[in-house]
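Report on the structure
One-letter residues, chain by chain:
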Amino acid sequence: MGDSHRHAMTGVATGGFVVTADGIAAYNSMLIEAVAIPFMLLGAISFAVHYYLLQGDVDLLWDDAQTRWLFALTGVGTVIVGGILLATYPSLDAARYGAFQLISALTCTGFQTDTGLGDRWPVAGQIVVMSAMVIGGAAGSTAGGIKLIRAISLTKGTLYSVTDYFYEEDTRDFAIADEEADVTAGQTSTEFDQAAVIGFLWIVLLVVVVLVSLIGLPTGQKGYALGDVLFEVASAQGNVGLSAGITDSGMPSSVKLAFVASMWIGRLEIIPILVMMRVLILGFE
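Here's a quick rundown of the structure. These figures come from a predicted structure and were not determined experimentally.

Describing the overall build of the protein chain
A tally of helices and strands in the protein chain yields 12 helices and two strands. Helices (α) and strands (β) of the protein chain occur, in sequence order from the N terminus, as α-α-α-α-α-α-α-α-β-β-α-α-α-α. Looking at the protein chain as a whole, 41% of its 285 residues are labelled buried. Considering only contacts within the protein chain whose residues lie at least 6 apart along the sequence, 64% involve residues at least 24 apart. Surface summary for the protein chain: the accessible area is close to 15,000 Å², and the carbon and sulfur share equals 66%.

Considerations on the pattern of salt bridges
By the definition in use, this model includes three salt bridges. The salt bridge partner of R96 is E33, with a shortest N-O separation of 2.8 Å. Placement of R96 in helix α6 (residues 91-106) and of E33 in helix α2 (residues 30-43) is noted, with a sequence separation of 63 residues between them. Given a relative accessible area of 14%, R96 falls into the buried group. With a shortest N-O distance of 3.0 Å, R150 and E269 are connected by a salt bridge.

Overview of the packing of helix α10 (residues 226-237) against helix α11 (residues 253-268)
For any two helices packed against each other, one specifies the crossing angle of their axes together with the interaxial distance. Contact geometry for α10 and α11: axes closest at 7 Å, N-to-C directions at 45 degrees. With respect to their mutual orientation, α10 and α11 come out oblique. Contacts between α10 and α11 involve E232, V233, A236 and Q237 on the former and, on the latter, F259, S262, M263 and G266. A breakdown of the residues in the contact of α10 with α11 according to their chemical character gives four nonpolar, three polar and one charged.

Some details on unusual backbone geometry
Although it is not a glycine, C108 sits at a positive phi angle of roughly 60 degrees. Tracing the chain through its elements places C108 in the loop between α6 and α7 (123-135).

Considerations on α11
The end-to-end C-alpha distance of α11, which contains 16 residues, comes to 23 Å, matching closely the 22 Å that a straight helix rising 1.5 Å per residue would cover. One or two steps after α11, the chain reaches E269, where phi turns positive at roughly 80 degrees.

About the thresholds
Residues numbered from 1 in each chain as written. Predicted model: local features only at pLDDT ≥ 70, side-chain atom pairs only at ≥ 80, totals over all residues. Heavy atoms only, no water. Helix = DSSP H or I, 4+ residues; strand = E, 2+ residues; numbered from the N terminus. Buried < 20%, exposed > 50% of the residue type's maximum accessible area, 1.4 Å probe, protein only. Contact = heavy atoms within 4.5 Å. Areas by Shrake-Rupley, 256 points an atom, 1.4 Å probe, with all protein chains shown as cover. Salt bridge = Lys/Arg side-chain N within 4 Å of Asp/Glu carboxyl O. Axes fitted to C-alpha atoms, helices over the stretch in contact; angles between N-to-C directions. Parallel < 35°, antiparallel > 145°, perpendicular 65-115°, else oblique. Nonpolar A, V, L, I, M, F, W, Y, C, P; charged D, E, K, R; others polar. Expected span 1.5 Å × (residues − 1).

This is the structure in structure tokens:
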């Protein structure tokens, strides 16, 4: 009962802490995994949606753009990862491990049922799961990553900007989230610009920590592949917790410090950290 209470709390909070060395994989129970998945998804949905759901507004599960994208990415990502894992796992295990790891990554929960992420998973599967960790859950939830609303803004804003070359009119329909409105390109650029800045800084931080890790981690035959290091850093920066086998107590101190900074900045987000650094260096002006 104690393990159940702990995992229930860390699951809803998308914390991912477990009481076994091998995580959820130690239980090897499809029932436990099936129960954990909906709670991981609930933890990645905005608290505002939870509030309206408690008021009986069930339609918001589809009407809210972030929730809609969460379910869509879950479905598409599960199919893709499951298909990739068919190269190394039996069909049932491929579907089981693919679905759980993908949902754990997208919701930034960090529960792990397959300890072979680093040595048995194809690189393509790692990339899909890593992308899910970068995106993360909804803004207003406990999940990490750049947040779904920014992923939506980047996707729709990029498509809008590209297709704008094919339109002669000054205005046309554009919607970042739910409601369409006739707005000018200047009026719609703010949300896209903000998402682009956050996304760019997120990638810059990811690259810096990856470089520090590659310098600090062992090299040669016992070294780590670039894909594994990218996966591990994306997991730390997205506050996820999935591991390809790199993170442990024996890591070099420089890598530990880089991971701590990555987790801290990833949780607080980059812009507030930059503002704080400016105040510390220049003072209030």
